[in-house]
Amino acid sequence: MMEDLWLGFVVALQPINLLWGLAGVTLGTAVGVLPGIGPALTVALLLPVTYGLDPTAALIMFAGIYYGAMYGGSTTSILLNTPGESATIVTAIDGHQMARNGRAGAALATAAIGSFVAGTLATLALSLTAPWMVGMALAFGSAEYFALMVLAFVMVTTVLGGSGARLAGWVSLMLGLALGSVGIDGLSGQARFTFGVPYLLDGIDPVIVAIGLFAIGETLWMVSRGPDTDHVVPLRGSLWMTRDEWRRSWKPWLRGTAIGFPMGALPAGGAELPTLMSYAIEKRLAAAPGEFGRGAIEAVAGPEAANNASAAGTLVPLLTLGLPTSATAAVLLAAFQQFGLQPGPLLFEHEPKLVWGVIASLYVGNAMLLVLNLPLVGLWVKLLAIPRPWLYGGILVVASLGAFSVHRAAGDLLLVALVGVLGFVLRRVEAPIAPVMIGLILGPAAEQHLRRALSISQGDWSVFLTRPLSAALLAAAVAIALFGVARGRPAPVRIEP
Amino acid sequence: MRGVTFGRALALVLLAATPVRAQATLTIVAPAAPGGGWDQTARVMQRVLAEIEPATSVPVDNVPGAAGTIGLARFVQSERGNPHALLVTGLVMVSGAIINASPVSLADATPIARLAGETEVIVVPAASPHRTLADLIAAFKQDPGRVSWGGGSAGGTDDLLVRLLAEQVGLPASRVNYIAFAGGGAALAAVLGGQVTAAVSGYGEFAGQIAAGQLRPLAISAAARMAGIDAPTLREAGVSLDLANWRGIVAPPGLSDAEQDALIARITRLATSEAWRQALAQHGWEDQFLAGAGFRQFLLAEQARIEAVLRRLAATDTAATPRFALTITPTMVPDATLVVLGLVTASLVIARARRPAPASPSPGARMTVILAATLLFQPWLMLTAGFIASSTLLFAVTASSWRGIRPAPMILARDLLVGVAFATIIYVVFTSALGVALPSFSLLTSHFSLP
């Protein structure tokens, strides 16, 4: 194993491959920052161009784009409240509040360093445990996924806020669930809540909803309260993280990594669930959970680490099974195929130099990304010094651009405006925003897995208890529910995302 | 040597990043997200065309959604009469258009050619007791519910194959316990983990695991044995059925005969080129080239066959009595959500009504309404006046409404100036450097359209 990795470094550290890696991470950071242009589209655009290139070099560049986009994606979330992709939705909740409080530098730094820590540790885990992780991931059937979703629901209900806002929190959650059930039902092919509009058949994209709720809803809310109530401080205190912020960040980084990597490795994984769970866990463990939603650094450090770790986790099923679990992984798979390579159990045997070269280049790419991103922090923070009317004008233009370029559908523009108005109304009635996202992300997945599990078992509900892994997850959910009650920590008064 | 390759490739990357003003363009619309089969087909075509028609620039445009029918609808509407646009299509679009009750179907487009096909394969885990297709069919006939079939989305090729197979062995299509996954990849994980009895997908999805001996192929859906695949065809295994997940190319409606012939000739040149053959081999696609009238015939036959099985499926579906009291129907969860949403909203309203309403003066109420109206107006404005104009307006309105007062002409002029500069920079970066089209002026006839 170590020999393989050594071989990989020999490949990755060749000057030519270092150059390709650098090109990849730079490009990746750029597309991560640009709204609506994700790594999937970038790699797809470059695919035909790189035909005829050495496969190792091309794949090193593509992997760099993937990792780079994960770094860059948090920037718009933090500065402009506009998440560019689903992985950074959670980051926007507290990250932008930090920016408004003059701690944008710290938020960007904790995101970058956390991404580095998580990316490096997760890559290490990828090189050491990939074959073992696959066995675990395959043991996950629909019953286990459903149990995991239940666990996630139990954990994130804390985000619903204290007793005062609990009822409003449920309204938000149910709104999210209702929005999530729009579109073609994945199991039966039946259209639900589409009212005959073809645009709605594919459902509602969480990224569009997040842009509408966060960026547009917030701007409308600011405008309605008049200019005197808005306090954005470009910079308070040091540009970099203070000693206290370091102290509050390192544990969330590690916990985020521990959550993100295994969940990213699950065949039905993705970055939404781990980032959300990291947020919930950090809130549970925080000394001052009331700060969550108002700019808690843990709420940026944890989810950002989870996001990057899950990106590495995604490579486990891709390299060992040939199984893409995200849009970007699907394009990477297409890239492998273009070079006549078949990812899967035999790839490690047939192409060790390539596989380990790509893995080793991830370590190198992570280091490059840290060096590339930290100096940018100072530059980004200057953006917040732009006169306020122009800053908000810019935010709305970027938000509508982001909403449009995700699918390049004008319907998304209408949707994002409507959701923005909804976000304003929710703020007006003092309902929390985060539960809408939770319902929208977790709801459809939980329903699908529940129905799929019951379909496989032919309607027998006992599968959730007779399958050991599923039973263990459900037991953990029950334990956390009870433990949370027993702990009796006073819940925060209100969450104001 | 390597340095030369790097330099050349870097130049290519840079070249791709700058606008190439070639004399001719041929847009290929891939009605799916990047990464899928249709997208791959489009991008391989793009690459091969760059080789055989260097003077033509070939942008690929992804319009994902609803089994490709959103892309099809947009293509048929906005490209009518345009001989420089092609749409990638395939079997899934035929069934998708029927299932989604799409207002347009492939019959509305001009068939150009079928290009490639991929055979489907039925697999079981290596440890499965089912050694042959006959074993599996025997178990299936004995208790259809106990045999779960994993595959891609409902109504897709994999689903159709299992339903057609059931009908061939004398079971109603609705008795199939088909477990739809997000794609062949997710079904792969389920069959490897033993979650489902068997799985069905394109051969390529399972090729790695079959080669490694982790999956046993029981039968392929091709009409004849295929080189390099050690599995009988369905016909050899005693089921008179064949199905290919074919992909092809259609042009917009309203083309003259000459324009059609020219396109067919170009695609024929592509499909018979050496580069295309190599690409087919690399992707494991079978050459199923069939152009012009032959393809039109094929499309009609395919449409009829799929419509028939889907109709029988829908008919038996409603007649089938629920076997389990606790089965969750597709409408149950959304309905329950709506009921709970109604209840909590009602109780929230009641709770708030008891509380004295907080006197909350909204100093910016008027400005909020103006801004919200501008936002709702955006989609229409962007499509008619273009990205730069609509964004400039949005920028200026936001800035003014944030100030909360009627802006002085000088301030408004400055806002507009900054807005137009900002929007122009974004526009140039996206359209020229990234090749991502944003609506420009007078794009009333563009392919961007409201739902």
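Bear in mind that the values here come from a model prediction, so they are computed numbers and not experimental data. (Residues numbered from 1 in each chain as written. Chains lettered and ligands numbered in written order. Predicted model: local features only at pLDDT ≥ 70, side-chain atom pairs only at ≥ 80, totals over all residues.)

Chemist: When you look at the overall build of chain B in this model, what are you seeing that I'm missing?
Modeler: When helices and strands are counted, chain B shows 15 helices and 12 strands. Put simply, of all contacts in chain B between residues at least 6 apart along the chain, 74% involve residues at least 24 apart. (Helix = DSSP H or I, 4+ residues; strand = E, 2+ residues; numbered from the N terminus. Contact = placed C-beta atoms within 7 Å.)

Chemist: Got a minute to help me understand the overall build of chain A in this structure?
Modeler: Looking only at helices and strands, chain A has 20 helices and two strands in total. Taken over C-alpha atoms, the radius of gyration comes to 22 Å for chain A, in line with the 23 Å a tight globule of 497 residues would show. Each of the three principal axes of chain A carries a C-alpha extent, and together these read 60 × 60 × 50 Å. The 497 residues of chain A split such that 69% are buried. (Rg over C-alpha atoms; globule rule 2.2 N^0.38 Å. Buried ≥ 20, exposed ≤ 12 C-beta atoms within 10 Å, placed from the backbone.)

Chemist: Looking at this structure, I do not really get the environment of Leu87(B). What am I missing?
Modeler: All names here are of chain B. Along the chain, the position of Leu87 falls in strand β5 (residues 85-90). On a C-alpha basis, the gap between Leu87 and Leu72 in space is 7.6 Å, while along the polypeptide they are 15 residues apart. Those residues in contact with Leu87 that sit more than four places away from it in its chain are Val29, Pro31, Gly71, Leu72, Phe75, Ala109 and Val250.

Chemist: Before we go on, may I ask you to explain the interface of chain A and chain B in this structure?
Modeler: A common measure of how large an interface is: the accessible area buried when the components associate. Counting residues at the interface gives 99 residues for chain A, matched by 102 residues for chain B. When residues in the side of chain A that touches chain B are grouped by element, the largest group, 12 residues, is from helix α16 (residues 388-407) of chain A. Partitioning the side of chain A that touches chain B into residue classes produces 63 nonpolar, 27 polar and nine charged. (Nonpolar A, V, L, I, M, F, W, Y, C, P; charged D, E, K, R; others polar.)

Chemist: What am I meant to see in unusual backbone geometry here?
Modeler: Apart from glycine, the bulk of residues carry a negative phi angle, and the bulk of peptide bonds sit in the trans form. Residues and elements named next belong to chain A. Even without glycine at this site, Asn81 takes up a positive phi of about 65°. As for its position among the elements, Asn81 is in the loop between α4 (55-80) and α5 (89-100). At Phe193, a position not held by glycine, the phi torsion is positive, near 55°. Within the element layout of this structure, Phe193 appears in the loop between β2 (191-192) and α9 (206-225). Owing to 18 C-beta atoms within 10 Å, Phe193 belongs among the partly exposed residues under this scheme.

Chemist: For this particular structure, what's the right way to read the environment of Arg74(B)?
Modeler: All names here are of chain B. Here Arg74 lies in helix α3 (residues 69-78). With 24 C-beta atoms packed within 10 Å, Arg74 lands in the buried category. Sequence separation between Arg74 and Val104 is 30 residues; the distance between their C-alpha atoms is 9.5 Å.

Chemist: How should I be thinking about the domain arrangement of chain B in this particular structure?
Modeler: Segmenting chain B into domains produces domain 1 (2-117 + 245-312), domain 2 (119-243) and domain 3 (365-433). For domain 1 of chain B versus domain 3 of chain B, the separation of C-alpha centres amounts to 37 Å. (Domains from an automatic or database assignment.)

Chemist: What am I meant to see in the packing of helix α2 (residues 37-52) of chain B against helix α10 (residues 274-283) of chain B here?
Modeler: For any two helices packed against each other, one specifies the crossing angle of their axes together with the interaxial distance. Residues and elements named next belong to chain B. α10 packs onto α2 with a crossing angle of 150° between their chain directions and a minimal axis gap of 10 Å. Regarding the angle of α2 to α10, the classification is roughly antiparallel. α10 is crossed by α2, and the crossing has right-handed handedness. Contacts from Gln40, Val44, Val48 and Glu51 in α2 reach Ala275, Trp276, Ala279 and His283 in α10. (Axes fitted to C-alpha atoms, helices over the stretch in contact; angles between N-to-C directions. Parallel < 35°, antiparallel > 145°, perpendicular 65-115°, else oblique. Left-handed = near helix turned anticlockwise from the far one by under 90°.)

Chemist: How should I be thinking about the packing of helix α7 (residues 142-156) of chain A against helix α11 (residues 272-285) of chain A in this particular structure?
Modeler: All names here are of chain A. α11 packs onto α7 with a crossing angle of 40° between their chain directions and a minimal axis gap of 9 Å. Crossing of α7 over α11 shows left-handed handedness. When α7 is examined against α11, the residues Ala152, Met155 and Val156 are found in contact with a partner set consisting of Leu273, Leu276, Met277, Ala280 and Ile281. Counted by class, the contact of α7 with α11 contains eight nonpolar, no polar and no charged residues.

Chemist: Help me understand helix α3 (residues 39-46) of chain A in this model?
Modeler: At 3.6 residues per turn, the α-helix brings residues three or four places apart onto the same side. Of all eight residues that make up α3(A), eight are buried, and the element is covered over most of its length. The complete set of buried residues in α3(A) reads Pro39(A), Ala40(A), Leu41(A), Thr42(A), Val43(A), Ala44(A), Leu45(A) and Leu46(A).

Chemist: Quick question: what am I supposed to make of α7(A) here?
Modeler: A rise of 1.5 Å per residue sets the reference length of α7(A), with its 15 residues, at 21 Å; its end C-alpha atoms lie 21 Å apart and thus fit the reference within 8%. Within α7(A), 13 of the 15 residues are buried, which leaves the element mostly enclosed by the surrounding structure. (Expected span 1.5 Å × (residues − 1).)

Chemist: Is there a simple way to think about the confidence of the model for chain A in this case?
Modeler: Caution applies to low-pLDDT regions: their predicted coordinates should not be interpreted in detail. For chain A, the mean per-residue pLDDT works out to 83, and 94% of the residues sit at or above 70. Confidence drops under a pLDDT of 50 for residues 485-497 of chain A, and excluding neighbours within four residues, the segment shows 28 contacts in the predicted structure. (pLDDT = per-residue confidence, 0-100.)

Chemist: Honestly, the pairing of strand β7 (residues 148-151) of chain B in this entry has me stumped. Any pointers?
Modeler: Within a regular beta strand, the side chains point alternately toward one face of the sheet and then the other, so they alternate between its two faces. Residues and elements named next belong to chain B. A two-sided burial pattern is seen for β7, the buried positions comprising Ser148 and Gly150 on one face and Trp149 and Gly151 on the other. Where the polypeptide runs from β7 across helix α6 (residues 157-168) and back to strand β8 (residues 177-180), its parallel neighbour, the crossover connection is right-handed. The pairing of β7 with strand β9 (residues 198-202) spans two bridges and is classified as parallel. Residue pairing in the sheet places Trp149 in a bridge with Ala198 of β9. (Right-handed = clockwise from strand over helix to strand, strands pointing away. Pairing = 2+ DSSP bridges.)

Chemist: Can you walk me through the pairing of strand β10 (residues 215-220) of chain B in this structure?
Modeler: Residues and elements named next belong to chain B. Judged by how many residues are buried, β10 sits mostly within the fold: five of six residues are covered. In the sheet, strand β6 (residues 110-125) pairs with β10 via five bridges, with the strands oriented antiparallel. Bridging across to β10, Ile122 finds its partner in Ala219.

Chemist: Can you help me understand the confidence of the model for chain B in this one?
Modeler: All names here are of chain B. Averaged over chain B, the pLDDT score is 81; the fraction of residues at 70 or greater is 86%. Helix α1 (residues 2-17) is the least confidently modelled element of chain B, averaging 46 in pLDDT, while β10 averages 93, the highest of any element. A low-confidence stretch, residues 1-6 (pLDDT under 50), is modelled with three contacts involving residues beyond four sequence positions or located in other chains. Note on residues 442-451: pLDDT is under 50 here. Beyond four places in sequence and across chains, it has 25 contacts. Of the two predicted TM-score estimates for the complex, the pTM is 0.80 and the ipTM is 0.80.

Chemist: Quick question: what am I supposed to make of the environment of Leu72(B) here?
Modeler: Position of Leu72(B) among the secondary structure elements: in helix α3. Each residue touching Leu72(B), except ones within four places of it in the same chain, is listed here: Pro31(B), Leu87(B), Met93(B) and Val104(B).

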